[in-house]
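One-letter residues, chain by chain:
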Amino acid sequence: MGENLVIVESPAKAKTIEKFLGSGYTVKSSFGHIRDLSKKNLGIDIEKGFEPDYLISEDKKKVVAELKALAKKAGMVWLASDEDREGEAIAWHLQEALGLEAAKTKRIVFHEITKDAITNAIANPRNVDMNLVMAQQARRVLDRLVGFELSPVLWKKVKPKLSAGRVQSVALRLIVEREREIQQFAAKSQFKVEGVFHPAGSDDSALVQAEVTHRFDNEKEALDILEKSKGAQFNIAAVEEKESKRTPPPPFTTSTLQQEASRKLGFSLSQTMRSAQNLYEAGFITYMRTDSVNLSKMAISAAKQSITELYGKEYSKTRQFTTKSKGAQEAHEAIRPTFMSNLTIEGSAQDKKLYNLIWKRTIASQMADATIMRTQITIASNSLDHDFIATADRVAFDGFLKVYMESRDDDQAEEEKEFTLPALRPGQQMEPQTIKAVEKFTQKPPRYTEASLVKKLEELGIGRPSTYAPTISTLTQRGYMVKDNRPGQERSFREHTLTAGKITSKTKKETWGTEKNKLFPEDIGILVNDFLVENFGPVMDYNFTAKIEESFDKVAEGKVVWNKLIADFYKPFHKMVDETLTVSRPTNAERILGTDPATGKTVLARIGRFGPLAQIGDNDDPDKKFMSLAKGQLIETITLEEALKLFELPRSVGEYKGSDITCAIGRFGPYLRYNGKFISLGKENNPYTIDLETSILLIEAHFAKEAQKQIKSLPEIGAEILNGRFGPYIKIGKDNYKIPKGTDPATLDAQTVKEIVEKSSKTGKPKKNGK
DNA sequence: CAGTGAGCGAGCTTCCGCTTGACTT
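Residues numbered from 1 in each chain as written. Chains lettered and ligands numbered in written order. Predicted model: local features only at pLDDT ≥ 70, side-chain atom pairs only at ≥ 80, totals over all residues. Heavy atoms only, no water.

Colleague: What is the right way to look at the packing of helix α9 (residues 269-281) against helix α11 (residues 349-365) in this model?
Modeller: Angle between the axes and distance between the axes are the two parameters that describe a pair of packed helices. Axis separation between α9 and α11 bottoms out at 9 Å; the angle between their running directions is 85°. As summarised for this structure, α9 and α11 are arranged roughly perpendicular, according to the angle between their axes. Residues Gln271, Thr272, Ser275, Ala276, Asn278 and Leu279 of α9 touch α11, and the partners they reach there are Gln350, Asp351, Leu354, Tyr355 and Ile358. Looking at the contact of α9 with α11 residue by residue, the class counts come to 5 nonpolar, 5 polar and 1 charged. (Axes fitted to C-alpha atoms, helices over the stretch in contact; angles between N-to-C directions. Helix = DSSP H or I, 4+ residues; strand = E, 2+ residues; numbered from the N terminus. Parallel < 35°, antiparallel > 145°, perpendicular 65-115°, else oblique. Contact = heavy atoms within 4.5 Å. Nonpolar A, V, L, I, M, F, W, Y, C, P; charged D, E, K, R; others polar.)

Colleague: Honestly, the pattern of salt bridges in this entry has me stumped. Any pointers?
Modeller: Oppositely charged side chains may form a pair once their charged atoms are brought near each other. Scanning all chains against the criterion turns up 43 salt bridges. Its salt-bridge partner being Glu211, residue Arg215 comes within 3.5 Å of it at the nearest N-O pair. Taking the shortest distance from any N to any O, the salt bridge between Arg361 and Glu406 comes out at 3.4 Å. Of this pair, Arg361 sits in helix α11 while Glu406 sits in the loop between β13 (388-397) and β14 (429-441); the two residues are 45 residues apart in sequence, bridging distant segments of the chain. Under the relative-accessibility criterion, Arg361 is labelled buried at 1%. (Salt bridge = Lys/Arg side-chain N within 4 Å of Asp/Glu carboxyl O. Buried < 20%, exposed > 50% of the residue type's maximum accessible area, 1.4 Å probe, protein only.)

Colleague: I would appreciate a short explanation of the side chain of Ser169 in the present structure.
Modeller: Checked against the element boundaries, Ser169 lands in helix α6 (residues 168-184). Once residues lying within four places of it in the same chain are set aside, the contact partners of Ser169 are Ala164, Asn529, Leu532 and Met540.

Colleague: Before we go on, may I ask you to explain the packing of α6 against helix α12 (residues 450-459) in this structure?
Modeller: Packing of α6 against α12 leaves a shortest axis separation of 11 Å and a crossing angle of 120°. The orientation of α6 with respect to α12, classified from their angle, is oblique. Relative to α12, α6 is oriented so that their crossing is right-handed. Two secondary-structure elements touch here, α6 through Ala171, Leu174 and Ile175 and α12 through Leu453, Lys456 and Leu457. (Left-handed = near helix turned anticlockwise from the far one by under 90°.)

Colleague: How do you make sense of helix α19 (residues 692-709) when you look at a structure like this?
Modeller: One turn of an α-helix holds 3.6 residues; hence residues three or four places apart share an orientation. The end-to-end C-alpha distance of α19 is 26 Å, a good match for the 26 Å that 18 residues give at a rise of 1.5 Å each. Those residues of α19 lying buried are Ser695, Ile696 and Ile699. The arc that holds every buried residue of α19, seen down its axis, measures 100°, which confines them to one face. Residues Glu693, Leu697, Lys705 and Gln708 are exposed on α19 and point more than 90 degrees away from its buried face. (Expected span 1.5 Å × (residues − 1). Arc of directions from axis to C-beta.)

Colleague: Please clarify how the sheet that holds strand β19 (residues 590-595) should be interpreted in this entry.
Modeller: On the basis of which strands lie adjacent, the open sheet formed by 4 strands has the order β19-β20-β21-β22 and antiparallel pairing. Only two strands of the sheet have a single neighbouring strand rather than two, namely β19 and β22 (625-628). Going from strand to strand, the sheet's axes swing by 25° on average, the running direction of each strand aside. Pairing analysis gives 4 bridges linking strand β21 (residues 611-616) to β22, with the strands arranged antiparallel. Note on β22: the bridge partner recorded for Ile616 is Lys625. (Pairing = 2+ DSSP bridges.)

Colleague: Got a minute to help me understand the pairing of strand β16 (residues 489-499) in this structure?
Modeller: The two faces of the sheet receive side chains in turn, since in a regular strand these alternate between them. The pairing of β14 with β16 spans 5 bridges and is classified as antiparallel. Residue pairing across strands places Thr434 opposite Thr499, the latter belonging to β16. By the bridge criterion, 11 bridges tie β16 to strand β17 (residues 502-512) in an arrangement that is antiparallel. Each residue of the ladder has a partner; that of Gln489, found in β17, is Trp512. Connecting β16 to the antiparallel partner β17 that follows it, the hairpin turn spans 2 residues, and Ala500 within it adopts a positive phi of roughly 50°.

Colleague: Teacher, can you tell me more about unusual backbone geometry here?
Modeller: The bulk of non-glycine residues show a negative phi, and the bulk of peptide bonds are trans. Note that the residue after Leu649, namely Pro650, is joined by a cis bond; omega there is -5°. Tracing the sequence through the fold places Pro650 in the loop between α18 (640-646) and β23 (651-656). Even without glycine at this site, Lys161 takes up a positive phi of about 70°. Following the sequence through the fold, Lys161 ends up in the loop between α5 (130-157) and α6. Not every positive phi belongs to a glycine, and Asn517 is a case in point at roughly 50°. Mapped onto the elements of the fold, Asn517 is located in strand β18 (residues 515-521).

Colleague: Help me understand the sheet that holds strand β7 (residues 76-79) in this model?
Modeller: Two orientations exist for strands paired in a sheet by backbone hydrogen bonds: parallel and antiparallel. What the 4 strands build is an open sheet, ordered β2-β1-β7-β8; its pairing is parallel. Among the strands making up the open sheet, the edge pair consists of β2 (25-29) and β8 (105-107). Mean inter-strand twist for the sheet, computed between neighbouring axes without regard to direction, equals 20°. Strand contacts of helix α2 (residues 61-73): β1 (4-8), β2 and β7, with the helix running at about 165° to β2, the strand carrying the most contacts. Its contacts with the sheet place helix α3 (residues 85-97) against β1, β7 and β8, and it is angled at close to 175° to β8.

Here's what the structure looks like:
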């Protein structure tokens with residue numbers, strides 16, 4: 001047993017550090033926070049100056065007991081939790097919970113895991129900074145007060161089990177307000193004029209694509225350009241070439257990693273974090289929950305060496321980035337490979353892809369600027385008021401672009417493609433091949449993705465690297481929002497083309513507004529948001545966190561006493577809670593949509609016991625009818641026609657072989673019901689209009705497929721051998737069993753199946769067919 | 001993959017941040 005006990009937060013970190021420190025040091029991990037406010041009640045004694053009631057967390061009792069025993073034997077305990085507010089608090093809680101003597105305890109910090117940093121830390125110990133600890137306590141107490149006073153208001157006024165909090169409620173507000181911006185957005189029609197030219201007298205191989213930068217608000221103006229272009233003389237008015245530099249983006253933080261993994265690899269937040277955790281635990285990357293873009297000296301020089309070896313000296317340029325994001329605590333390095341010389345790693349396909357992304361981003365951050373030559377050609381005509389402009393970018397020196405290019409969020413952003421322009425000189429005559437006036441529509445604001453929401457939260461200084469992914473999953477779990485795909489809508493646009501002196505006009509169709517993996521608010525989320533914004537404005541303010549963080553900083557500097565800060569916040573806040581509770585009317589979004597032409601009754605949409613619904617008849621009408629709203633429909637935006645349409649289903653399609661066929665929309669989309677079976681309609685068929693003939697075809701196709709699924713039937717033991725998604729398997733009643741490798745499923749008999757079932761029930765338990 | 005849409009009313013729900021497993025499917 002070592003003389004010295006070092007306690008860090010993460011077990012993976014403990015392992016590495018133990019190697020650096022060698023004999024005489026035992027390094028253990030606390031696995032994060034070990035104590036927290038009591039969960040049973042508020043955990044805060046408001047009367048006694050907001051005194052916190054700390055308890056050792058249930059899942060940490062074992063760790064604490066172990067650390068306590070080790071601390072007793074150690075000559076010196078080194079508290080080496082992270083160098084930030086939370087880390088300081090962990091150190092203090094350890095000191096308290098382990099009962100450490102002051103003379104036997106030292107606090108050390110390092111924000112990179114290198115031998116130098118660690119030995120340096122050991123040589124420069126300090127005491128626990130109580131101002132910083134109290135700043136954390138203020139943060140913790142405030143979050144508990146907000147969360148545990150607001151949530152019960154929602155239970156009473158809206159629905160049980162809902163939640164509200166400083167971070168999640170503002171994130172929800174972003175989603176709801178963006179949705180409203182989109183609903184209120186009216187696309188404006190504009191005309192874009194573009195032309196394809198070639199030098200006069202030359203063949204068509206030297207084509208130049210150019211466009212008029214001005215957008216025309218009406219069709220007439222745009223057509224006018226085409227008219228004037230008929231027989232017009234065009235020539236090159238200017239050829240300009242400009243050089244520009246592009247610098248690489250900084251290495252990854254949690255937030256930028258989540259964004260790029262989402263854009264480039266299509267990973268969800270949780271996929272990214274799970275994969276990063278794997279890489280971290282395997283020792284391939286540094287810590288994955290960080291807000292810092294800092295790289296250690298060692299990493300920078302390793303990157304320099306790799307770049308020089310792989311691409312040459314001219315590609316290397318060492319850089320140190322500085323963190324700009326609000327409220328960053330910078331306890332760790334940026335996310336980077338532990339060894340830059342590892343170009344690839346062993347692991348799952350997902351882990352490999354993520355590692356590759358991290359490697360490229362880190363390497364790129366230490367590479368030279370790219371030099372881009374932009375050529376701009378102006379084509380003008382005396383007959384026209386507007387010039388045509390052609391631009392082309394040429395990479396003169398690729399620099400960091402050799403390995404990495406950052407992606408962008410806006411899905412409509414045009415691909416940056418490189419095309420070359422033919423060599424042209426001013427004054428040269430040009431001939432138009434075609435000139436087009438195309439109708440374009442202004443773009444609505446984009447819906448958030450998980451990753452772009454994180455980006456926004458980080459900009460506002462709301463939430464921390466360890467909470468981005470959990471916050472977003474909480475909003476989903478509460479039913480406040482969904483990550484979803486939505487089909488686009490069709491719209492027509494006008495296009496006029498001038499070719500060979502003749503103008504042709506067409507109306508074309510395009511699909512717009514297709515959404516993939518975007519965040520949509522649900523009715524309950526909209527309701528909760530509006531309720532919170534109306535009654536708790538100050539807490540729902542986008543700047544609330546930023547402002548309160550300034551106060552926490554003052555506590556950390558020793559300028560403000562923590563519970564004075566809390567008292568100042570709590571008094572007006574609690575008053576808002578009390579006042580809201582005395583407003584007796586429970587909140588329920590209800591919208592009158594109009595009158596049902598068939599019955600003359602009122603049609604309305606509201607939230608019912610089981611979610612949003614459409615209703616024909618007033619609430620006190622004993623014969624009122626209900627239908628749940630369909631996926632994608634909101635109380636706020638559903639129309640009378642859409643609501644009435646809901647009542648057309650389920651619909652009888654007809655009869656086939658003596659059984660009824662009905663059609664309806666379920667959780668997984670439209671389906672046919674026939675003899676107790678559900679048959680999906682697919683995208684091509686409309687549940688409101690599908691006819692008997694098409695339905696029969698679908699049913700027949702379904703049965704044909706079912707038959708194919710079956711390999712063998714063993715009725716004597718009630719077993720069936722089926723072809724499933726993961727290959728053949730045995731099905732008995734509701735239980736499924738794997739077939740051992742190397743067995744041909746077609747040769748299975750009752751006896752062998754029995755044996756397989758017996759064996760598998762010994763190892764695994766039969767699957768429960770529950771939720 | 002339906003249909004439910006309600007004054008008997010227990011006991012429960014919930015926050016943010018720091019960390020990993022221990023569980024199934």
